[in-house]
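# Reading the structure
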There are 2 protein chains.
Amino acid sequence: MALYIIGLGLGDERDVSVKGKELIEMSDVVYLESYTSVLFVSKNTLEEFYKKNIKEVDRNLAEENCEEILKEAINKKVSFLVVGDPLCATTHHDIILRAKKKNINVQVIHNASVMSAIGESGMQLYNFGQTVSIPYFEGNYKPTSFYDKIKVNLDNNFHTLCLLDIKVKERTIENMMKNKNIYEPSRFMTVNEAIEQLLYCEEVLKKNVITDNTRGIAIVRIGSDSQQIVSGSLLALKSVSYNDPLHSLIICAPTLHDVEREYFEMYQHRC
Amino acid sequence: MALYIIGLGLGDERDVSVKGKELIEMSDVVYLESYTSVLFVSKNTLEEFYKKNIKEVDRNLAEENCEEILKEAINKKVSFLVVGDPLCATTHHDIILRAKKKNINVQVIHNASVMSAIGESGMQLYNFGQTVSIPYFEGNYKPTSFYDKIKVNLDNNFHTLCLLDIKVKERTIENMMKNKNIYEPSRFMTVNEAIEQLLYCEEVLKKNVITDNTRGIAIVRIGSDSQQIVSGSLLALKSVSYNDPLHSLIICAPTLHDVEREYFEMYQHRC
């Protein structure tokens, strides 16, 4: 019948659009994708507000059991809820392609995403280059491609939005091999951890990307009541104590425009 | 008392968030900024749905009479509605700075923006470089800086989002000099016009940015029921007949990823 891919926005249950809420309320089945981002409220709060039972979808279900969701959408109205905007991350393009191949009617309800909401930092969205993801270093797994991408942006006087790693409902390789659904505790990278990793890259690759003068803006819980925006040199931001995750980090272009400079100063960290 | 800067999203009156709608309903005064973008419904429809009188703000009011709005916000709850996300364009950073300097409580309600909703094209937001604006050429006024910015993006294998010019409630220089509030008819640049101007830049600057092989995606009325997404070479897209504006244009990176290629083919224009 139909698959509604509905963005929930950034903060809580009331950030859904009126249109999105109506579609959820008329749906037969409601899924919540809960592994690429999280809201600052519980599933129960959503269920009460939307007056629906909600099934959480973890990484297993979305990748392996996607076909089941699509099978349901042939005869039923199925809502698939995603935090933020549903198509800002690359993850959900696949389910739409598959649905269209099955001639399922797909409707996308857009919403706020961190990728546009960072306008609140005062840095102009026009002046951002490529967005990068900073993954957790694990043992010898220390990918540094984000470092080179930030260099390209800085060389072109672009800001960089750094999205920080989220580990939700992940299993150890051991538990996966044994087919055990035992999940590791959730981890959300902080701005402090991200800057540590950036400094590590600088130490190893030495391309003068992260220096004493590199400026950044910590974006904490954007779109929520406990939102924080703190600007400063990366070295200063590294030792600030922030509200709980989710965190993101903007690395500022070397030269700021007038309004950008005013915002930067307004948000500046005072020791 | 308070200034609520509320994003309305992209399509119609029901794209506002539940939270945004509640703030509008409890406001004493409601302004609608109507010169940087437009919804696909009339002011009357918004007034009926939000159960409020809405005052339209044109370019004059926002720039010259901003102080009046702020004065009201000292004693009243004032909503300032913006199509899309309120801080994606650079225009509204100024009113927030001024409000904060007056110690007015400012609350921003984010929403979908074309800058994130273009994820629906299948091009991954991570692979976009700097966004550019293409302004209408007028007589001898033919700025070409967008052409060079597109070149930087293509050289780095980034996509480019091109935002196309909108002229709403503009006055001729003659009428401005005479202080006459006579407005010119609204104009919204089409994808066809944008490609004409890109070809002009190529002809003049000859940097091999726009060639027979340059691929693009026309984004038409995104987030509305009459949305169209059409991919093809820029030369093919130039002669397609699209739905009415608003239009935007993506210029694709030279090399597409697998999922991007699948989407590109799905949306391809068939002659």
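Residue numbers here run from 1 along each chain, matching the order of that chain's written sequence. Here chains are named by letter from A upward and ligands by number from 1 upward, in the order in which they appear as written. The predicted origin of the model limits local features to residues at a pLDDT of at least 70 and limits the giving and counting of side-chain atom pairs to 80 or more, whereas totals for whole chains, interfaces and linings rest on all residues. Side-chain numbers come from the whole structure's heavy atoms, not from hydrogens or water.

Let me state the cut-off plainly: UniProt positions are given in the numbering used here, feature names are shortened, and annotations may be inferred rather than shown by experiment.
The name given to chain A in an unreviewed UniProt entry is diphthine methyl ester synthase, and the organism recorded there is Plasmodium vivax. Under the UniProt heading Catalytic activity (unreviewed entry), the note attached to chain A is "2-[(3S)-amino-3-carboxypropyl]-L-histidyl-[translation elongation factor 2] + 4 S-adenosyl-L-methionine = diphthine methyl ester-[translation elongation factor 2] + 4 S-adenosyl-L-homocysteine + 3 H(+)". The heading Sequence similarities (unreviewed entry) in the UniProt record of chain A holds the text "Belongs to the diphthine synthase family."

### A look at the packing of helix H7 (residues 145-155) of chain A against helix H9 (residues 191-205) of chain A
Residue and element names in this part refer to chain A. We apply this condition: Think of each axis as a best-fit line through the C-alpha atoms, taken over the contacting stretch in the case of a helix, with angles from 0 to 180 degrees between the N-to-C directions. Helix numbering and strand numbering both begin at the N terminus, where a helix is a DSSP run of H or I of at least 4 residues and a strand a DSSP run of E of at least 2. Between 65 and 115 degrees an angle is taken as roughly perpendicular, under 35 as roughly parallel, over 145 as roughly antiparallel, and anywhere else as oblique. The contact criterion used is simple: two residues touch if any of their non-hydrogen atoms lie within 4.5 Å. Residue polarity follows a fixed list, in which Ala, Val, Leu, Ile, Met, Phe, Trp, Tyr, Cys and Pro are nonpolar, Asp, Glu, Lys and Arg are charged, and the others, Gly among them, are polar.
In the contact formed by H7 and H9, the axes pass within 10 Å of each other and the chain directions differ by 85°. By the criterion of interaxial angle, the relationship of H7 to H9 is roughly perpendicular. Every residue of H9 that contacts H7 at Phe146, Tyr147 and Ile150 is listed here: Gln197, Leu198, Cys201, Glu202 and Leu205. Of the residues contributing to the contact of H7 with H9, the split by class is six nonpolar, one polar and one charged.

### A short note on the sheet that holds strand S7 (residues 160-164) of chain B
Residue and element names in this part refer to chain B. Applied cut-off: Being paired, for any two strands, means DSSP has found at least two bridges between them.
If you trace the five strands from one edge of the open sheet to the other, you get S6-S7-S12-S10-S11, paired in mixed fashion. Bordering the open sheet on either side are strand S6 (132-134) and strand S11 (228-233), each of which pairs with just one other strand. Shown here is a sheet whose adjacent strand axes are inclined to one another by a mean of 25°, direction ignored. As paired strands, strand S10 (residues 215-220) and S11 are joined by six bridges and run antiparallel to one another. Directly across from Val220, in S11, lies its bridge partner Gln228. Across the sheet, helix H9 (residues 191-205) lies against S6, S7, S10 and strand S12 (247-251), angled at about 45° from S12, the strand it touches most.

### Considering a nonpolar patch on the surface
The criterion, for reference: Residues with no salt bridge and a relative accessible area higher than 30% make up the patches, which join like charges within 9 Å and nonpolar side chains (Val, Leu, Ile, Met, Phe, Trp, Tyr) within 5 Å. For the area figures, the Shrake-Rupley method with a 1.4 Å probe applies, and any residue is considered shielded solely by the protein chains shown. When a carboxyl oxygen of Asp or Glu is within 4 Å of a side-chain nitrogen of Lys or Arg, the pair counts as a salt bridge. Accessibility here uses a 1.4 Å probe with only protein chains present; expressed as a share of the type maximum, an area under 20% marks a residue as buried, one over 50% as exposed, and anything in between as partly exposed.
The grouping of Ile173(A), Met176(A) and Met177(A) at the surface amounts to a nonpolar patch, some 380 Å² of accessible area in total. Residue class for Ile173(A) comes out exposed when judged on its relative accessible area of 63%.

### What to know about the environment of Leu246(B)
All names here are of chain B. With respect to the helices and strands, Leu246 occurs in the loop between helix H10 (234-238) and S12. Taking relative accessible area as the criterion, Leu246 reaches 19% and is therefore assigned buried. A sequence separation of 103 residues divides Leu246 from Pro143, and the C-alpha atoms of the two residues are 22 Å apart. Contact partners of Leu246, with chain neighbours within four places excluded, come to Ser37, Val38, Phe40, Ile166, Phe188, Ile219, Val220 and Arg221.

### As for the domain arrangement of chain A
All names here are of chain A. What counts here: Segment limits for the domains were obtained from an automatic or database-derived domain assignment. A quick way to say it: buried area is the sum, across both parts, of accessible area lost when two parts are put together, with a 1.4 Å probe. Polar contact criterion, stated in full: a pair of N or O atoms within 3.5 Å, where within protein one must be able to donate a hydrogen and the other to accept it, and residues adjacent in sequence count only if both atoms are side-chain atoms.
The domains assigned to chain A are domain 1 (1-111) and domain 2 (113-265). Each of domain 1 and domain 2 has a C-alpha centre, and the two are 27 Å apart. On the domain 2 side, the residues contacting the 15 residues of domain 1 number 18 residues. Taken over both partners, the interface formed by domain 1 and domain 2 buries close to 1,300 Å², and the fraction arising from carbon and sulfur atoms is 59%. At the junction of domain 1 with domain 2, the criterion picks out zero salt bridges. Between domain 1 and domain 2 we count zero residue pairs in polar contact (both at pLDDT 80 or more) in total.

### Let's talk about the interface of chain B and chain A
Contacts between chain B and chain A engage 49 residues on the former and 49 residues on the latter. Carbon and sulfur atoms supply 58% of the area that chain B and chain A bury against each other, a total of about 4,400 Å² over both sides. Along the contact surface separating chain B from chain A lie eight salt bridges. At the surface where chain B touches chain A, the tally comes to 24 residue pairs in polar contact (both at pLDDT 80 or more). Listing elements by their share of the side of chain B that touches chain A, those giving two or more residues are helix H1 (18-25), helix H5 (93-101), helix H6 (114-117) and helix H11 (258-266) of chain B. In terms of residue count, the dominant contributor to the side of chain B that touches chain A is H5(B) (five residues). Its residues assigned to classes, the side of chain B that touches chain A shows 21 nonpolar, 17 polar and 11 charged.

### Examining the relation of the copies chain B and chain A
Spelled out, the test is: Alignment of copies: least-squares fit on C-alpha atoms of residues with pLDDT of at least 70 in both copies.
Here chain B sits on chain A after a turn of 180° about the axis and a move of 0.0 Å along it, with an RMSD of 0.0 Å. On the angle and the small slide along the axis, the relation comes out as a two-fold axis. When each C-alpha of chain B is compared by its distance to the rotation axis, Ser17(B) comes out closest, at 1.9 Å. Most of the interface of chain B is mirrored in chain A, where 100% of its interface residues again form contacts.

### Here's the deal with the UniProt feature "binding site: S-adenosyl-L-methionine" (unreviewed entry) in chain A
All names here are of chain A. Feature annotation in UniProt places "binding site: S-adenosyl-L-methionine" (unreviewed entry) on Leu10, Asp85, Ser113, Val114, Leu164 and His247, given in this structure's numbering. Checked against the element boundaries, Leu10 lands in the loop between strand S1 (2-7) and helix H1 (18-25). Judged by relative accessible area, which is 13%, Leu10 ranks as buried. Residue placement: His247 occurs in strand S12 (residues 247-251). Overall, His247 belongs to the buried group, its relative accessible area being 6%.

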